[in-house]
Every structure is written in C-alpha cells, then in structure tokens.
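Architecture and fold: a report
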Amino acid sequence: MNVNERLEAIKNEAQEQITLIKSMHELNDAKAKFLGKKGLFQDVMKLMKDLPNEERPKFGKLTNEAKQVIQSYLDEQRKAIEDAVIKEQLEKETIDVTLPGKAFNMGQTHILTQVTEEIEDLFIGMGYEIMEGPEVEIDEYNFEKLNLPKDHPARDMQDTFYITEDTLLRTHTSPVQVRTMLDKGGKEPIKILCPGKVYRRDDDDATHSHQFMQIEGLVVDEQVSMADLKGTLLAIANKMFGEGRNIRLRPSYFPFTEPSVEVDISCHNCNGKGCNICKGTGWIEVLGAGLVNNNVLEASGYDSTKYQGFAFGIGVERIAMLKYGINDIRQFYTNDIRFIDQFKK
Ligand SMILES: [Zn+2]
C-alpha cells in the first residue's frame, strides 16, 4: 500500500466512524485515534522513511490535508451532537399551554374595607382629602373641643374606654377633625373625610360592637349651608344604595352640630313601599349630620362669624349590613373565612 492509498484509507475510515458518533466522549476518543500522537498517522509517518527526499514535501502536504479533512469531520459531528442535545432538551421542556394552571388562593380586602374605599372614592372625586388620626386620644380632642365639657350629660351617649383620666380610646373619628382645624390655624377652608376604627363600651350583640368603623366628613368654609349638606348626603345615598334614592332629614341633637339631623334614605329594597328591612316605613336611618356648632369652630380657632361648616358621620358596618343583608355585626370581626369569602370582588 502506498502512501496515497494509506491516507485515503484513513480518511474513509474516519468518515465512516465519526459520522456514527453520538456523544462527546466518543468523539474525543475518535480524535485521539485519528489525530492523536499515537494515532493512525504514526503508521503513515513510518512509510515516509522509505520515500526519496524529493517526494517528502509532497507527502507532508498530503498528510496535512488528510488531517484537516478528518478535523472537519470531527467538527461537523461535534456540531451535530450539540444540536441534538439542544433539540432533545427543547422537546423535553415543551410547555403545554392548554394544561390548567396551578390554583392558588388570592386574598382580598375585607368587606368593611371595600365599603370604606367606595365611600372614599366618592369623596375624593368631590375634592375631599382623606385624613387619619390616632385611636388613643386625649379627652380634650375627643370631647372638650367638640362642645362636650367634662360634666356634659351628652357624654353618656358615648360610653367610653378611659385609659387615664385624660386619655381614652376615641369614641368617634371627630378628633381627627379637631386636629385638622387646629393644624389649619383657623385660617384655611377644610374639606376632609376621616375614616377609622372607634371604640365604645357596649355589650356586644347582633347590633352592637365595642369596636366599629366610622367615616366622618367635615367641610368648613365661608359659604357653607344646609343646602350643601343635603346635596352631599344625597350623593352618598345614591353612591351606596344605587341611583334614585331619596333622603329625608329629621331634626335631632348632637353636641357638635347645630342644627342637627338624622338622615333617612328611601329603602333600596322596596323603593319606599315598605318591607321588613325598612320595617314597613319605606325609610332607613343611616347617618347623622348637621351644621358645625359655633362653639366647635371657635374652640379650634375658627371665627364663627366668618366661617360655617357641615359635618356628617356614617357607620360603615351599618351601611354594609343594609347593603348586603348581614344580620349580625359580630360577623365582621370573627374572621370566619366563609363569611369573608362571600364578598370577593
Ligand atoms: Zn323597604
């Protein structure tokens, strides 16, 4: 066998074997076998010794060409193996988008938060600012500056959790209004909505809770009248109980407002005809309101000859109970998931 034949034989053998290789490991073995120091070309080199000197360069060239051809077989096969691995991976990891997803529990806001946010949205739209304040208050802000001095009989209307003689759990969100009026220094108009938890010493039953939520609104400006209050109350009624509600104002008494009114809304269930929700009257009592008592304005630095104001207070639980037919206030606080889940948005 001459050199040419030998080289051809090696190339053919290399092509045959290398194209069958499936792994990198085998590929490395093949490289050692054909191109390694102890590889098949060693035999070829031995043949070189017998060649005449002038033929040796030509022989060297042929040998290098053969090596390059084999290297190209190895390179091609390496690429083929890599492609196969990627293809296999892709096939294995294909995502079936028609499979159902993993279900997971999503939390939600509590129904009282939902009702609160609904009312907040309405008032933000009317240019009100949402204000919050501490739940542990001083007597001065919770009572005295709201026209309820220490021995005032109306304090009995709000049985109070006292912490010390002068600190207490706020019985309404009105102290936030006092704080705001003091902050404004009796100078600027005010338009605020104050939502939050309040506390009263009550025996818990289906309609009473020692802790509940209130939203109070306060507007103070130079031209504020009962007509403005009435328009605002009507907006609340329509927002909370649907368009077409009517309101009825009945004279009442609160120490911090004068005149004061109880606000009834025409029954959303029977549309005023009379049903068990409105106890046959066609009206439901939902909130209290009034024009801010001059003493309250003066106590927080507002000149009552220049400024007037109106205020209203909504019980959030009461609204939610009416709206969703909830018959026990305690259900809001017992954290029974079956109750809470009913109000998923
Ligand atoms: Zn009714």
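For the structure, check the block above.
Residues numbered from 1 in each chain as written. Predicted model: local features only at pLDDT ≥ 70, side-chain atom pairs only at ≥ 80, totals over all residues. Heavy atoms only, no water.

**Regarding the packing of helix α3 (residues 41–49) against helix α4 (residues 56–92)**
Here is the rule we go by: Angles shown run from 0 to 180 degrees and are taken between the N-to-C directions of axes, each axis being a line fitted to C-alpha atoms and, for helices, limited to the stretch in contact. Here a helix means four or more residues in a row that DSSP labels H or I, a strand means two or more in a row labelled E, and each is numbered from the N terminus. Every angle not falling under 35 degrees, over 145, or within 65 to 115 is termed oblique; those three ranges are roughly parallel, roughly antiparallel and roughly perpendicular. By the convention used here, residues are in contact when the closest approach between their heavy atoms is within 4.5 Å.
Running from amino to carboxyl end, α3 crosses α4 at an angle of 170°, the nearest separation of the two axes being 11 Å. Considering the angle they form, α3 stands roughly antiparallel to α4. Every residue of α4 that contacts α3 at Phe41, Val44, Met45, Met48 and Lys49 is listed here: Arg56, Phe59, Thr63, Ala66, Lys67 and Ile70.

**Concerning the nonpolar core**
Note the cut-off: Take the buried residues of types Ala, Val, Leu, Ile, Met, Phe, Trp, Tyr and Cys, join any two whose side-chain atoms come within 4.5 Å, and each joined set is a nonpolar core. Only protein chains enter the calculation, and the probe is 1.4 Å; a residue is then buried if its accessible area is under 20% of its type maximum, exposed if over 50%, and partly exposed in between.
Membership of the largest hydrophobic core comes to 45 residues, with the highest contact counts inside it found for Leu233, Phe312 and Phe332. Only α5 (111–125), β5 (211–221), α8 (226–241), β7 (257–266), β8 (283–292), β9 (308–315), α10 (316–324) and α11 (337–340) provide two or more residues apiece to this core. Residues contacting leucine 233, with those up to four places away along its chain left out, are Ile247, Leu249, Val263, Leu287, Ala289 and Phe312. By size, the runner-up hydrophobic cluster in this structure holds 23 residues, among which are Ile192, Phe254, Val292 and Val296.

**Comments concerning the pairing of β7**
Operational definition: Strand pairing is assigned whenever DSSP detects at least two bridges linking the two strands.
Counting buried positions along β7 gives 8 out of 10 residues, so the element sits mostly inside the fold. With 7 bridges connecting them, strand β6 (residues 247–254) and β7 associate as antiparallel partners. Residue pairing in the sheet places arginine 250 in a bridge with glutamate 262 of β7. Count of turn residues in the β6/β7 antiparallel hairpin: 2 residues. The pairing of β7 with β8 spans 8 bridges and is antiparallel. Directly across from valine 263, in β8, lies its bridge partner leucine 287.

**Considerations on the packing of α5 against α8**
For clarity, the cut-off: By convention the crossing between two helices is left-handed if the near helix lies anticlockwise of the far one by an angle smaller than a right angle, and right-handed if it lies clockwise. Charged residues are taken to be Asp, Glu, Lys and Arg, nonpolar residues to be Ala, Val, Leu, Ile, Met, Phe, Trp, Tyr, Cys and Pro, and polar residues to be all remaining types, Gly included.
The geometry of α5 relative to α8 is characterised by a closest axis approach of 11 Å and an angle of 135° between their N-to-C directions. Viewed along their axes, α5 and α8 adopt a mutual orientation that is oblique. The element α5 and its partner α8 pack so that their crossing is right-handed. Judged by residue contacts, Val115, Glu118, Ile119, Leu122 and Phe123 of α5 engage Thr232, Ala235, Ile236, Lys239 and Met240 from α8. Split into classes, the residues belonging to the contact of α5 with α8 amount to 7 nonpolar, 1 polar and 2 charged.

**Digging into the layout of surface pockets**
Keep this limit in mind: Cavity: a set of points on a 1 Å grid over the protein atoms alone where a 1.4 Å probe fits but cannot get out. Pocket: an open set with protein on both sides within 12 Å along at least five of seven lines, its lining residues, like those of a cavity, having an atom within 4 Å of a point. Grid points are joined across faces, edges and corners, and a volume is the space filled by probe spheres set on the points.
The calculated volume of the second largest pocket comes to roughly 200 Å³. Around the second largest pocket sit 13 residues that line it, and Glu132, Pro195, Gly196, Lys197 and Met213 are the ones nearest its centre. Counting residues per element, the ones that place at least two in the lining of the second largest pocket are α5, β4 (190–199) and β5. Residues that form the lining of the second largest pocket fall into these classes: 4 nonpolar, 4 polar and 5 charged.

**A word on the sheet that holds β7**
Here 7 strands make up an open sheet; going across it, the order is β1-β4-β5-β9-β8-β7-β6 and the pairing mixed. The open sheet has two free edges, formed respectively by β1 (129–130) and β6, since each of these has just one partner strand. Here α8 sits on the sheet and contacts β6, β7, β8 and β9; the angle it forms with β9, its principal contact strand, is near 25°.

**Comments concerning the coordination of the zinc ion**
Stated precisely, the cut-off is as follows: Coordination here is defined by N, O and S atoms within 2.8 Å of the metal (3.2 Å for Na, K and Ca), and since water is not considered, a site can look incomplete. For a four-donor site, all angles between 85 and 135 degrees give tetrahedral; for four or six donors, opposite pairs above 155 degrees with the remaining angles between 65 and 115 give square planar or octahedral; all remaining cases count as irregular.
Cys267 (SG), Cys270 (SG), Cys275 (SG) and Cys278 (SG) make up the full set of protein donors to the zinc ion, lying at 2.2 to 2.3 Å. Here the zinc ion is ringed by 4 donor atoms whose angles at the metal span 104 to 116°, and the overall shape comes out tetrahedral. Under the relative-accessibility criterion, cysteine 270 is labelled buried at 11%. On the basis of relative accessible area, cysteine 278 is assigned to the buried category, the value being 3%.

**A few points about the packing of aromatic side chains**
Each aromatic ring pair is characterised by the separation of its centres together with the angle its planes make. Cut-off, in case you're wondering: Under the pairing criterion, centres of Phe, Tyr and Trp rings, with the six-membered ring standing for Trp, must be within 6.5 Å; the plane angle then separates stacked pairs below 30 degrees from edge-to-face pairs above 60, leaving the rest tilted.
Applying the stated rule across the entire model yields 8 aromatic pairs. Centre to centre, the rings of phenylalanine 254 and phenylalanine 256 are 6.2 Å apart; their planes meet at 5°, and the pair counts as stacked. Side by side, phenylalanine 254 and phenylalanine 256 carry an identical accessibility label, which is buried. With centroids separated by 5.0 Å and ring planes inclined at 90°, the aromatic side chains of tyrosine 302 and tyrosine 307 adopt a geometry described as edge-to-face. The structure contains a cluster of three or more aromatic residues connected by ring pairs, namely Tyr324, Phe332, Tyr333, Phe339 and Phe343.

**Things to note about α4**
Basically, it comes down to this: By definition here, a helix of n residues has an expected span of 1.5 Å times n minus one.
Taking 1.5 Å per residue, 37 residues should reach 54 Å; α4 reaches 54 Å between its end C-alpha atoms and fits that length. Turning to α4, its buried residues are Phe59, Thr63, Ala66, Ile70, Tyr73, Leu74, Gln77 and Ile81. On its buried face, α4 sits against α1 (3–18), α2 (24–35) and α3.

**So, the side chain of glutamine 114**
Here is the rule we go by: Any N or O atom pair separated by 3.5 Å or less is treated as a polar contact, with the protein-specific requirement of one donor-capable and one acceptor-capable atom, and with residues adjacent in sequence counted only for side-chain atom pairs.
With respect to the secondary-structure elements, glutamine 114 resides in helix α5. Owing to a relative accessible area of 10%, glutamine 114 belongs among the buried residues under this scheme. Polar contacts involving the side chain of glutamine 114 include one to the main-chain carbonyl oxygen of threonine 109, which spans 3.1 Å.

**A short note on a negative patch on the surface**
Keep this limit in mind: The patches reported here contain residues having more than 30% relative accessible area and no salt bridge. Joining distances are 9 Å for like charges and 5 Å for nonpolar side chains (Val, Leu, Ile, Met, Phe, Trp, Tyr). Using a 1.4 Å probe, accessible areas were evaluated by the Shrake-Rupley method; residue-level cover was limited to the displayed protein chains. Put simply, a salt bridge is a Lys or Arg side-chain nitrogen that is within 4 Å of an Asp or Glu carboxyl oxygen. Counted as positive: Lys and Arg. Counted as negative: Asp and Glu. His and the chain ends are not counted at all. Every charge is mapped onto a representative atom, which is NZ of Lys, CZ of Arg, CG of Asp or CD of Glu.
The grouping of Asp202, Asp203, Asp204 and Asp205 at the surface amounts to a negative patch. Tracing the chain through its elements places aspartate 204 in the loop between β4 and β5. Since its relative accessible area comes to 36%, aspartate 204 is described here as partly exposed.

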